[in-house]
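Residue-level structural notes
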Amino acid sequence: MCLIIEGERNDDVLVPPLNFSMVEEGIYRSGFPQPANFGFLQTLNLRSIIYLCPEPYPEENLKFLAAHNIQLLQFGIEGKTEPPVSIPSDTIMEALKILIDVRNHPVLIHCKRGKHRTGCLVGCLRKLQNWCLSSVFEEYQRFAGVKSRITDMRFIETFDVVCLRQCLYSIIYQYQGYGSKKRRLLYREENLQKKPQVSSI
């Protein structure tokens, strides 16, 4: 809920995007940000946005990213249900590599409504974090609601994170924060951004 204090302009009200939530420290998820959400996004000090739709990014959004030095990493996944389109596991794998690289944090993941494609990527991250499947599904369903898709949950269940774990020789643990000693992943490949479309602004 947004509270407006008497005498304040509406411009000062911070409005998060649809379905906005923190996944964990430095990682956020949402639906497609609208211009009304830009003030809120500014408070997150984002370095990157992982965009999971094939459609071009709106010009107004690109100008916002350029003004705040935010890189756009686009993974064009179709969101059609009729006929159903299967989620490409190799694309999710590449997005996952970008997501776990702390050099891209703080990062916002979004698709159109922040439910299905975003839910699949977050679900695969949870599997990498060794969450039990019931908890992964509970989180997915919390955002997808009545529009939960069996195909999405089947994708998450069968997604193979072992091949990413087998690359642990190229992943190091980095401690961040002031004395927090929180273990974070840093992917050390130099050419991580070959696969996604990186918008040069």
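Residues numbered from 1 in each chain as written. Predicted model: local features only at pLDDT ≥ 70, side-chain atom pairs only at ≥ 80, totals over all residues. Heavy atoms only, no water.

1. A word on the side chain of Gln74
Mapping Gln74 onto the fold places it in strand S4 (residues 71-74). Among the polar contacts listed, one links the side chain of Gln74 to the backbone oxygen of Pro54, at a separation of 3.4 Å. A distance of 3.1 Å separates a polar side-chain atom of Gln74 from the backbone oxygen of Glu55. (Helix = DSSP H or I, 4+ residues; strand = E, 2+ residues; numbered from the N terminus. Polar contact = N/O pair within 3.5 Å; in protein donor to acceptor, adjacent residues only side chain to side chain.)

2. Considering the packing of aromatic side chains
The description of two aromatic rings rests on the distance between their centres and on the angle between their planes. Scanning all chains against the criterion turns up seven aromatic pairs. Ring centres of Phe20 and Tyr28 lie 5.7 Å apart, and the angle between their planes is 20°; this geometry places the pair in the stacked category. Plain terms: the ring middles of Phe38 and Phe64 are 4.5 Å apart, the flat faces sit at 15° to each other, and that makes the pair stacked. Pair noted here: Phe38 is in helix H1 (residues 38-42) and Phe64 is in helix H2 (residues 59-67), with a separation of 26 residues, a long-range link. A cation over an aromatic ring shows up here: Arg29 above the ring of Phe143, its NZ or CZ 3.7 Å from the ring centre. (Phe/Tyr/Trp six-rings, centres within 6.5 Å; stacked < 30°, edge-to-face > 60°. Lys NZ or Arg CZ within 6 Å of the ring centre and 35° of its normal.)

3. Comments concerning the pattern of salt bridges
Enumeration over the complete set of coordinates arrives at three salt bridges. Salt-bridge contacts for Lys97 lead to Glu94; the nearest nitrogen and oxygen are separated by 3.5 Å. With Lys97 and Glu94 both in helix H3 (residues 89-99), this residue pair falls three residues apart, about one helical turn. (Salt bridge = Lys/Arg side-chain N within 4 Å of Asp/Glu carboxyl O.)

4. Details of the environment of Leu73
When you line up the elements, Leu73 lands in strand S4. Under the relative-accessibility criterion, Leu73 is labelled buried at 0%. The sequence separation of Leu73 and Ile50 amounts to 23 residues, and the corresponding C-alpha distance is 4.9 Å. (Buried < 20%, exposed > 50% of the residue type's maximum accessible area, 1.4 Å probe, protein only.)

5. With respect to the state of the cysteines
As enumerated under the stated definition, the model contains zero disulfides in all. Take Cys120: it sits in no disulfide, and the sulfur closest to it among the cysteines is that of Cys124, at 6.6 Å. Overall, the relative accessible area of 0% leaves Cys120 in the buried class. (Disulfide = S-S within 2.5 Å.)

6. Here's the deal with H2
For H2, the set of buried residues is Asn61, Leu62, Phe64 and Leu65. Buried positions in H2, seen along its axis, are confined to an arc of 160° and lie on one side of it. Exposed residues lying more than 90 degrees from the buried face of H2 are Glu59, Lys63 and Ala67. Buried positions along H2 lie against H1, strand S3 (48-51) and S4. (Arc of directions from axis to C-beta. Contact = heavy atoms within 4.5 Å.)

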